[in-house]
Amino acid sequence: MKRVRLLLLAVLALAAAAVCFFVPGSAGSEAAGSAVRQGAGRPGGAGLAAPDKKELAQKIVASAENSTLDWRSAYGYIEDIGDGQGYTAGLIGFCTGTHDLLSLVERYTKDHPDNGLARYLPALRRVDGTDSHEGLDPGFPAAWREEAAVAAFREAQDTERDEVYFDPVVRRAELDGLGTLGQFVYYDAMVMHGPGTGPDGFYGLRRRAMAEADTPAEGGSETAYLDIFLDIRRAAMKSESAHHDTSRIDTAQRRFLYDGNLGLDTPLEWKVYGETYRVAR
């Protein structure tokens, strides 16, 4: 049974609609519903893929992943954060235990066979799916940081982020009828939880949210649907020892939602881990 929110959400949904100037689409058409919601949250139809919004998205993610707005400083980041995924590294936290780091290094090595990480490919294949450092210590972290100074490796990280995370999840959000904020909510969840179909993978979280609320493409309220999606994601984070701090939801994404900022418009202010971040126009 779909959950019904309190009067607050109804008011918020109406306020968001008024702010975003929704234009009704034809009933029963998923494409029309999607276009309506995209028009509301995506000035010029560009949404999170617009260069300025994409830049903003990387800054918000970096504030939670690396405690900085300078997301480009994260190319050389690498550490084991104790979440059972081995080393977490690079732009959006590629992990030795979740295949995406291995995929990145394999693709990069195909074009640049003499790179400083290539010698670790046998070890990366052995530890894939585990938290093991076998064959990676002590040299892999230093090799990663050194390779991150190479422009081609930074470009490879950009490409992996876009092809595996950003582009697919933004397209999925568009099909669900979500505006720019909703697209970011999906993207941040994809970055942290990965593209898995299990209960706590991105697609699993989405499936669980859709069991409780209609997406805008299904005729539902965008505000109510995103609120439920964030509830479900928050619970998933709380169940993981490395992600008990849910401020990236509580004092960032939820704040944008309750402010009715479905377009993720600047100026923007939020808090993560108690630290305040601001992006001007």
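Basis of the calculations
Residues numbered from 1 in each chain as written. Predicted model: local features only at pLDDT ≥ 70, side-chain atom pairs only at ≥ 80, totals over all residues. Heavy atoms only, no water. Phe/Tyr/Trp six-rings, centres within 6.5 Å; stacked < 30°, edge-to-face > 60°. Lys NZ or Arg CZ within 6 Å of the ring centre and 35° of its normal. UniProt positions renumbered as here; feature names shortened; annotations may be inferred. Contact = heavy atoms within 4.5 Å. Helix = DSSP H or I, 4+ residues; strand = E, 2+ residues; numbered from the N terminus. Buried < 20%, exposed > 50% of the residue type's maximum accessible area, 1.4 Å probe, protein only. Polar contact = N/O pair within 3.5 Å; in protein donor to acceptor, adjacent residues only side chain to side chain. Salt bridge = Lys/Arg side-chain N within 4 Å of Asp/Glu carboxyl O.

K.L.:
Mind laying out the packing of aromatic side chains, listing which residues take part and the relevant values?
P.N.:
If you walk through the whole model with that rule in mind, you get 13 aromatic pairs. For the pair Phe202 and Tyr203, a centre-to-centre distance of 4.9 Å together with 75° between the ring planes defines the contact as edge-to-face. In textbook terms, an aromatic cluster arises when at least three aromatic residues are bridged by ring pairs, as seen for Tyr87, Tyr108, Tyr120, Phe140, Trp144 and Phe153. One residue, Lys54, lies across the ring of Phe166, its end atom 4.8 Å from the ring centre.

K.L.:
Give a description of the UniProt feature "active site" (unreviewed entry) in the protein chain that names residues and reports values.
P.N.:
Per the UniProt entry, the sites bearing "active site" (unreviewed entry) are Glu65 and Asp83 in this numbering. The greatest C-alpha distance among the residues just named is 13.5 Å, despite their covering 19 residues of sequence, which places them together in space. With residues up to four places along the chain from it excluded, the contact list for Glu65 reads Ile92, Val191 and Arg248. The residue Asp83 is located in the loop between β1 (78–79) and β2 (88–89) in this model. Taking the relative accessible area as the measure of exposure, Asp83 reaches 22% and is therefore partly exposed. A distance of 3.1 Å separates a polar side-chain atom of Asp83 from the backbone nitrogen of Gln85.

K.L.:
Please set out the pattern of salt bridges residue by residue, giving values where relevant.
P.N.:
For the coordinates displayed, the defined rule picks out 19 salt bridges. The partner of Glu269 in a salt bridge is Arg255, and the shortest N-O contact between them spans 3.8 Å. Highlighted residues: Glu269 in strand β4 (residues 268–272) and Arg255 in helix α11 (residues 247–258), separated in sequence by 14 residues. Residue classification places Glu269 among the partly exposed residues on the basis of a relative accessible area of 32%.

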